[in-house]
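# Coordinate inspection notes
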Amino acid sequence: MSELTLTVMRLGFLAVLWLFVIVAVQVIRSDLFGTRVTQRGSRRGGGDTRTQPQGGRQTAPPQQRQRRGAPTKLVVSEGTLTGTTVALQGQTITLGRAHDSTIVLDDDYASSRHARIYPDRDGNWIVEDLGSTNGTYLDRARLTVATPIPLGAPIRIGKTVIELRK
Amino acid sequence: MSVVTNTTTIGAIELPSRRNTELLLLVFAVVIPIFAYANVGLAVHGKLPPGMLAYGLGLGLLAGIGHFVVRRYAKYADPLLLPLATLLNGLGLVLIWRLDQSERLQNLAERQFGAFSPSAPNQLFYTAVGIALFVGVLLLLKDHRTLQRFTYISMAAALVLLILPVVPGLGADVFGAKIWISVAGFSIQPGEFAKIVIAVFFAGYLMVKRDALALASRRFMGLYLPRGRDLGPILMIWAMSLLILIFENDLGTSLLFFGMFVIMLYVATERTSWIVIGLLMSVGGAVVVAGFSGHVEARVNAWLDPFACYTTSGACEQVGQSLMSFGSGGVLGTGLGQGHSDLILFAANSDFIFSTVGEELGLAGVMAFLLLYGLIIERGARTALAARDPFGKLFAIGLSGAFAIQIFVVAGGVMGLIPLTGMTMPFLASGGSSVIANWALIGILIRISDTARRPAPAPAPSPDAEMTQVVRPS
């Protein structure tokens, strides 16, 4: 066998061996072990910059008004959790007795997954009943569809009352 | 949305099972040894080796069976363990075949045993048995937690396995260490299997006792000193490993056992003081034993200065030759089949196989091999982190810790970092027990990682015991 072939094979083998190691490490890198990291803020921001040039001035003012009057926190005003506040930062808030709820209600009259509160595309906060046993009440009216929450309106879930404040 | 926030959400997703990634890596892991095989053939005989197709098909078939069983019975298992083990095993076969071609080793065998028999076919057979055991583990061990029931039985079994080589009539004193038994013409090294069995005992024992070991301790000079009754087991294991060392002259296995126990103790209790205590005890034990065991003393002398006693002692000559083969390999190596690592003569294809890697593949190759081993250990530790039950966690970390210690002890020994001990490089070295036991080890790790990575069962509809009370209009 010529010297050249053997040299090429020798270096080629080392290269292939290292390629395997690198591929294996890449597999580990992409194998993030059951978690998914979502950049909510950046995606929302990206969406804004895309819609702004198209929508022009007409869509901008309502957003501006909304921004000024937007609630910043959720306050529990009645029930065992009275006084608890949760900052509203664009995330969905789930309420219920289930342990993975954002606000875990220790309330016999609340369902495991009772209701959720989330911002819609314009930034209005919406409350939606998740098929609870005893229903969710917004200002005495039982919710049937997802409804925007006025500032300061009481939302009743079992014995617990929450409201949105600035 | 009123405020653009930079909230990141971390949520669980449906894990891909990654079986196709595994298959792809597995194909890669079969192709590399075939390439190496062709390279050795071209370098030694100047032509492609005749058995190349059969060898490639054989390795591919074994890997394929392994993959099929994992796909069928351990769907969510780690995608890297099987390809890494297959690659190391395949390359080990090539290196053993390469050393079979050495005339020096053939002459040595003829002088010693009257005839030379190549080791590579045997190794291929043992690999097949190993894969069969791997398949058996995956088929029979549906849930690793069943092993928890055998905590104390496995302790007894491990002790029996360790004592077997000293039993007269059964044990065989080979080359100064009594670690083999011969059954029906086969020589078996029970220590390799005892490694797995004792990990079951340690994991089961520590799972129950870890709170007592971690919390009931006095603080003294920055160290948490455990109570006497908690220190009992570690002292017993220490004494046991010393006894192995004295009766069987097996430095490696005793180091492996003691090291594995200290690692698992540390993981179970999160107390650094166990590591300090363990290191002190192992150093003390080694010094004492080196004083009155001639076999160990010779190894220590060979480690301190192999070239001082090069001509007088066989142990020194081996280590010296090994160091020279690492040195002549340089950074890129001499190329497969073109080195002279067969000058080590005795045990060139078992304990000293890593010297062949060092000479023929150079520093680059040695690093790649160490990384391959490191990846197996990393996946084992990752499995331990992801496991949901404490027994699985301790078991996985114990097995990967034992694997890591074994590699450190062997690689460190042939490189002259620590005194040489008679242990085999997992998957690489010629030796049936080692290959078979390590395939079983990989099988258990795959089973634990399958359980660990399996998506969690959906939470019960109502996590609270009582039902939601209905408001009745009064």
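Residues numbered from 1 in each chain as written. Chains lettered and ligands numbered in written order. Predicted model: local features only at pLDDT ≥ 70, side-chain atom pairs only at ≥ 80, totals over all residues. Heavy atoms only, no water.

### A look at the overall build of chain B
When helices and strands are counted, chain B shows 16 helices and six strands. Considering chain B as a whole, with its 474 residues, one finds that 53% of them fall into the buried category. Contacts in chain B between residues far apart in sequence, at least 24 positions, make up 74% of those at least 6 positions apart. Carbon and sulfur atoms make up 68% of the accessible area of chain B, which totals about 20100 Å². (Helix = DSSP H or I, 4+ residues; strand = E, 2+ residues; numbered from the N terminus. Buried < 20%, exposed > 50% of the residue type's maximum accessible area, 1.4 Å probe, protein only. Contact = heavy atoms within 4.5 Å. Areas by Shrake-Rupley, 256 points an atom, 1.4 Å probe, with all protein chains shown as cover.)

### So, the environment of Ser77(A)
Residues and elements named next belong to chain A. Within the secondary structure layout, Ser-77 lies in strand β2 (residues 73-78). By relative accessible area, which is 26% here, Ser-77 ends up partly exposed. In the structure, Ser-77 is positioned 74 residues away from Leu-151 in sequence and 14 Å away in space, judged by C-alpha atoms. Setting aside chain neighbours within four positions, we find Ser-77 in contact with Thr-82, Val-161, Ile-162, Glu-163 and Arg-165.

### Side note on the packing of aromatic side chains
Residue and element names in this part refer to chain B. Following the criterion strictly, the structure yields 16 aromatic pairs over all chains and no others. With a centroid separation of 5.3 Å and an interplanar angle of 70°, the aromatic rings of Phe-427 and Trp-439 are classed as edge-to-face. With Phe-427 in the loop between α15 (390-414) and α16 (432-453) and Trp-439 in helix α16, the pair connects residues that are 12 residues apart, well separated along the chain. Phe-427 gets classed as buried once you look at its relative accessible area, which sits at 0%. In textbook terms, an aromatic cluster arises when at least three aromatic residues are bridged by ring pairs, as seen for Phe-134, Tyr-373, Phe-403, Phe-427 and Trp-439. Sitting above the plane of the Tyr-73 ring, Arg-72 keeps its charged end 5.0 Å from the centroid. (Phe/Tyr/Trp six-rings, centres within 6.5 Å; stacked < 30°, edge-to-face > 60°. Lys NZ or Arg CZ within 6 Å of the ring centre and 35° of its normal.)

### A short note on the sheet that holds strand β9 (residues 141-142) of chain A
All names here are of chain A. The antiparallel open sheet is built from six strands, whose spatial order is β3-β2-β12-β11-β8-β9. With partners counted over all chains shown, the strands left at the sheet margins are β3 (85-87) and β9, one partner each. In the sheet, strand β8 (residues 136-138) pairs with β9 via two bridges, with the strands oriented antiparallel. In the sheet register, Leu-138 faces β9, and the bridge partner there is Ala-141. (Pairing = 2+ DSSP bridges.)

### Describing the sheet that holds strand β6 (residues 115-119) of chain A
Residues and elements named next belong to chain A. With mixed pairing, the five strands of this open sheet are ordered in space as β5-β4-β6-β7-β10. The outermost strands of the open sheet, each flanked by one partner alone, are β5 (103-104) and β10 (147-148). Strand direction decides the pairing type here: strand β7 (residues 125-129) and β10, joined by two bridges, are antiparallel. Its bridge partner lying in β10, Val-127 is registered against Thr-147.

### Points about the packing of helix α1 (residues 3-30) of chain A against helix α14 (residues 362-386) of chain B
Relative orientation of the contacting elements α1(A) and α14(B) amounts to 25°, with a least axis distance of 10 Å. On the basis of the axis angle, α1(A) is roughly parallel to α14(B). Of the two possible hands of crossing, α1(A) and α14(B) adopt the one that is left-handed. Residues Leu14(A), Leu17(A), Trp18(A), Phe20(A), Val21(A), Ala24(A), Val25(A) and Ile28(A) of α1(A) form the contact with α14(B), whose own contacting residues are Ala364(B), Gly365(B), Met367(B), Ala368(B), Phe369(B), Leu371(B), Leu372(B), Leu375(B), Glu378(B) and Arg379(B). When its residues are assigned to classes, the contact of α1(A) with α14(B) shows 15 nonpolar, one polar and two charged. (Axes fitted to C-alpha atoms, helices over the stretch in contact; angles between N-to-C directions. Parallel < 35°, antiparallel > 145°, perpendicular 65-115°, else oblique. Left-handed = near helix turned anticlockwise from the far one by under 90°. Nonpolar A, V, L, I, M, F, W, Y, C, P; charged D, E, K, R; others polar.)

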